[in-house]
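Residues per chain, in single letters:
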Amino acid sequence: MDLRLLLIASLSAVLGGSWAQPEGSICIKANAQSCGECIQVAETCGWCSDENFLTVGESKSARCDDLESLKNRNCDVTKIENPRGSITTNKNKPVTNRKKDMAEKLKPEQITQIQPQKLTLTLRSGEPQTFELKFKRAEDYPIDLYYLMDLSFSMKDDLENVKNLGTDLMREMQEITSDFRIGFGSFVEKTVMPYISTTPARLINPCTGNQNCTSPFSYKNVLKLTENGDEFNRLVSQQQISGNLDSPEGGFDAIMQVAVCEEHIGWRNVTRLLVFSTDAGFHFAGDGKLGGIVLPNDGKCHLENNMYTMSHYYDYPSIAHLVQKLSDHNIQTIFAVTEEFQPVYKELKNLIPKSAVGTLSSNSSNVIKLIIDAYNSLSSEVILENGRLPEGVSITYKSICKNGVEGTGENGRKCSNISIGDEVSFKISIESQKCPSHGKSEVIKIKPLGFTEEVEIVLNFICDCQCAAEGQPNSDKCHEGNGTFECGACKCNDGRIGRLCECSKDEVRTEDLDANCRKDNGTDICSNNGDCVCGTCECKKRENPAEVYSGKYCECDNFNCDRSNNKLCGGHGRCECRKCICDANYTGSACDCSLETSTCLAKNGQICNGRGTCECGICKCTNPKFQGPTCEICPTCPGVCAEHKDCVQCRAFDAGEKKDTCEQECSYFELIKVKDRDKLPQPTDQSFPLTHCKERDANDCWFYYTYAIRNDTKEVYVVENLECPAGPDIIPIVAGVVAGIVLIGLALLLIWKLLMIIHDRREFAKFEKEKMNAKWDTGENPIYKSAVTTVVNPKYEGK
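Small disclaimer: the values here were computed from a predicted structure and weren't measured. (Residues numbered from 1 in each chain as written. Predicted model: local features only at pLDDT ≥ 70, side-chain atom pairs only at ≥ 80, totals over all residues. Heavy atoms only, no water.)

1. What to know about the overall build of the chain
Phase 1 of the analysis: Along the backbone of the chain there are 17 helices and 42 strands.
Phase 2 of the analysis: Residue pairs in contact within the chain that sit at least 24 positions apart in sequence constitute 62% of those at least 6 positions apart. (Helix = DSSP H or I, 4+ residues; strand = E, 2+ residues; numbered from the N terminus. Contact = heavy atoms within 4.5 Å.)

2. Considering the state of the cysteines
Phase 1 of the analysis: Under the counting rule described, the total for this entry stands at 22 disulfides.
Phase 2 of the analysis: One disulfide bridge connects Cys-38 with Cys-64, the sulfur atoms lying 2.1 Å from each other. The S-S bond linking Cys-38 to Cys-64 shows a torsion near 85°; that makes this disulfide right-handed. Here the residue Cys-38 occupies a position in helix H3 (residues 35-39), and Cys-64 occupies one in strand E2 (residues 64-66), the gap between them amounting to 26 residues. The pair formed by Cys-38 and Cys-64 is uniform in burial state, with each residue classed as buried.
Phase 3 of the analysis: The side chain of Cys-650 participates in a disulfide bridge whose partner is Cys-662; the two sulfur atoms lie 2.1 Å from each other. Looking down the S-S bond of the Cys-650 and Cys-662 bridge, the torsion is 70°, so its handedness is right-handed. Note that Cys-650 is positioned in helix H15 (residues 640-653) and Cys-662 in helix H16 (residues 662-665), a separation of 12 residues in sequence.
Phase 4 of the analysis: The class of Cys-650 is buried, set by a relative accessible area of 5%. (Disulfide = S-S within 2.5 Å. Buried < 20%, exposed > 50% of the residue type's maximum accessible area, 1.4 Å probe, protein only.)

3. Section: H15
Phase 1 of the analysis: With 14 residues, H15 ought to run about 20 Å at 1.5 Å a step, and its terminal C-alpha atoms sit 19 Å apart, in line with that.
Phase 2 of the analysis: Burial runs high along H15: 10 of the 14 residues are buried.
Phase 3 of the analysis: When H15 is considered as a whole, its buried residues turn out to be Val-640, Cys-641, His-644, Asp-646, Cys-647, Val-648, Gln-649, Cys-650, Ala-652 and Phe-653.
Phase 4 of the analysis: Contact partners of the buried residues in H15: H16, strand E39 (670-674), strand E40 (690-696), strand E41 (702-710) and strand E42 (713-719).
Phase 5 of the analysis: Directly after H15, the chain includes Asp-654, whose backbone phi takes a positive value near 55°. (Expected span 1.5 Å × (residues − 1).)

4. Observations concerning the side chain of Ser-152
Phase 1 of the analysis: Along the chain, the position of Ser-152 falls in the loop between strand E8 (143-150) and helix H5 (156-162).
Phase 2 of the analysis: Taking the relative accessible area as the measure of exposure, Ser-152 reaches 2% and is therefore buried.
Phase 3 of the analysis: The contacts of Ser-152, once residues within four sequence positions are left out, are Phe-187, Val-188, Ile-241, Ser-242, Asn-244, Glu-249 and Asp-279.

5. Regarding the sheet that holds strand E1 (residues 45-48)
Phase 1 of the analysis: Reading across from one edge, E2-E1-E3 is the order of the 3 strands in this open sheet, with antiparallel pairing throughout. Strands at the two margins of the open sheet, each flanked by one partner only, are E2 and strand E3 (80-81).
Phase 2 of the analysis: Where E1 lies against E2, 3 bridges are found, and the strand directions are antiparallel. Within E2, the residue paired with Trp-47 across the bridge is Cys-64. (Pairing = 2+ DSSP bridges.)

6. A word on the layout of surface pockets
Phase 1 of the analysis: Volume-wise, the second largest pocket comes out at about 420 Å³.
Phase 2 of the analysis: Its residues assigned to classes, the lining of the second largest pocket shows 5 nonpolar, 4 polar and 9 charged. (1 Å grid on protein atoms, 1.4 Å probe; cavity = no way out; pocket = protein on both sides within 12 Å on 5 of 7 lines; lining within 4 Å. Points joined across faces, edges and corners; volume = space filled by probe spheres on them. Nonpolar A, V, L, I, M, F, W, Y, C, P; charged D, E, K, R; others polar.)

7. Here we look at the side chain of Asn-205
Phase 1 of the analysis: Its place among the elements puts Asn-205 in the loop between helix H7 (200-204) and strand E10 (219-226).
Phase 2 of the analysis: A polar atom in the side chain of Asn-205 sits 3.2 Å from the backbone nitrogen of Cys-207.
Phase 3 of the analysis: Of note is the side chain of Asn-205, whose polar atom sits 3.1 Å from the backbone nitrogen of Cys-213. (Polar contact = N/O pair within 3.5 Å; in protein donor to acceptor, adjacent residues only side chain to side chain.)

8. Considerations on the nonpolar core
Phase 1 of the analysis: Among the nonpolar cores identified, the biggest contains 38 residues, and Leu-145, Tyr-147, Met-149, Leu-165, Leu-169, Phe-180 and Phe-184 are the most heavily contacted of them.
Phase 2 of the analysis: When residues in this core are grouped by element, the largest group, 8 residues, is from helix H13 (residues 367-379).
Phase 3 of the analysis: Apart from residues lying up to four places away in sequence, Phe-184 is in contact with Tyr-146, Tyr-147, Met-149, Val-162, Asn-221, Val-222, Leu-223, Phe-232, Val-236 and Gln-239. (Core = buried A, V, L, I, M, F, W, Y, C linked by side-chain atoms within 4.5 Å.)

9. A look at unusual backbone geometry
Phase 1 of the analysis: A cis geometry characterises the amide bond from Gln-115 onward to Pro-116, with omega recorded as -5°.
Phase 2 of the analysis: The residue after Met-193, namely Pro-194, is reached through a cis peptide bond having omega 0°.
Phase 3 of the analysis: Here Pro-194 lies in the loop between strand E9 (180-187) and H7.
Phase 4 of the analysis: In the Ramachandran plot, Asn-305 falls in the positive-phi region, its phi being about 55° despite a non-glycine side chain.
Phase 5 of the analysis: By the secondary structure assignment, Asn-305 is in the loop between strand E12 (303-304) and strand E13 (307-308).

As structure tokens, then:
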């Protein structure tokens, strides 16, 4: 809406006052100044084009209202403009019921799997248009399969098993389709350092030892799609393994070329399968910097003599780029990779719609079974996608799948477990929230992923009413010809505003007249209580002369204040600008709060017992322990348990000191019995103070209870069973004593015996030692003495 229309809306939304606008009506609040603006607000809005519809003082925007309100306001039904959207089916060829054994073989373009094929939708803002789309898998549908193989050295043994793939796969695919074509391509890596060795010898033979390998290459289209399986075997048998330096391969370059080079590959408008076979990871966008390649992949075909020639010039494509190209060319991808790289390619599968991952054996011996299983998995699921939507247009899907299973949201786009011949349907709703700026038709397309067929949808937009075409420019009905009279109202020329275009923007100082009638840049003009006449609010009059609107924006009144006891401001104040001005000794939004404190005095003469504040004559206890009208009751203070012990005991167990006087002295609380302690109320479960008590009776038995005051009612929860100490068990005690005496006796005997053994051993060792020290001459009597005495003359010299 341009500035002129905004100014018109500001001025005319409140002109007049005889008709009360319904609160919450989106049509009224929009302040539409023409029929075209009105019908774009919501699908429920209509425009009354009756020239005599408005009463004196009503604004032009009052013509725009919900249909029921317009009828109630006596607008002629034939004068209500309410255009509706529509759906026209332009092409509705039924889905094909094709059989493999049919004598006549249909061409791919003659097979129909989706119905209808073209629709025209006329959209009105806010009104969704819903149509049904059917999908049926045709039997014997043609298939093109391109086998793209990694020919790095680690795939040497795999190549041997792929050499007979053509005829074997042809034979297996005959069970699925009679129209099958197969092609073959291979890839290694970019032909620059550091991905390959660029020494002359390694460029000729990149393999080490006695291995004879072919020169490295990026991507080679070996065989265009063909029906001749023997030709596939012959050409694949001629292929040689190559080699590179790093582990990730340049497979993304190859996939991009296979997708975009349709003529070189020979793709038909049929089911397109790409089998990507490798035992390594992949390079993607950004990795080309290692080789000094920084130009982003352009997504175009660069095959010369079936060889990719720009691998040294363009970087690897990004995953998003591949997703776009594979989707644009309706190619379904099967990643046949070794178990080691399953996690990597499963993550890649989640990013590429209509793709599958299979586990390739170490020598590719299971490749045929892998392809068949992956194809069955892909073809059993249909996923709808749409092209770019125009601004303001939204689309929702609802699927009705096999066995009546329904899906909404993202699941509304797809159906799974579809067998050949199964028919599923989708309910698709398209809604426009506004008219496009150019007002022209738009075209969107919906198609199942992986299929070439699509539904073309032409969108037309209802942006104006039919009566606008009969407008009278510069009509005399619009204040001296300052507007176009259309649909029963004046559509003002530039620079003019008002119901009859009677005001000029140049006559006021401000450029936006709305700003003078809106408070704080709000949406309500004159607070919905007055008329904005060329930038000035004129407040409405009420039937009761005592009730008046006032203020610059008619935002004040003297009758919309809070009430108490059905009296304005409680009868203790006056209403000024929707707020109560209270008399002395009263406060509050409705002057219902007395400032008197006599009702808050406790027995000790203190206000609220010194434990709270007096608000409106009622104590608000600041200490949560205290309760009551004057904060004098403290159920959780020390001594509570002992104070109520006897009464709880007599009422719950018919015992205790107050047993005889229980009925007279202990009826002041409500008693509730529970089974066990876990059933007692917990402090965290209550909004009022609670005390847990544990007391002992004359028999040394414990009993448990809680004491609380809730809403001036004293509540006692007590466990109905006493917890008494158990008596001693005599037999175990006697047996224990006897066993203890016996054990102690045995222990003493063992200790005595041990000491005796130690003593004897020491004595024996001592005896042995003395025996060893004695030196006896066993040849003579130890007490014998000779009778001969020999004397030697000391002077004798032997001469």
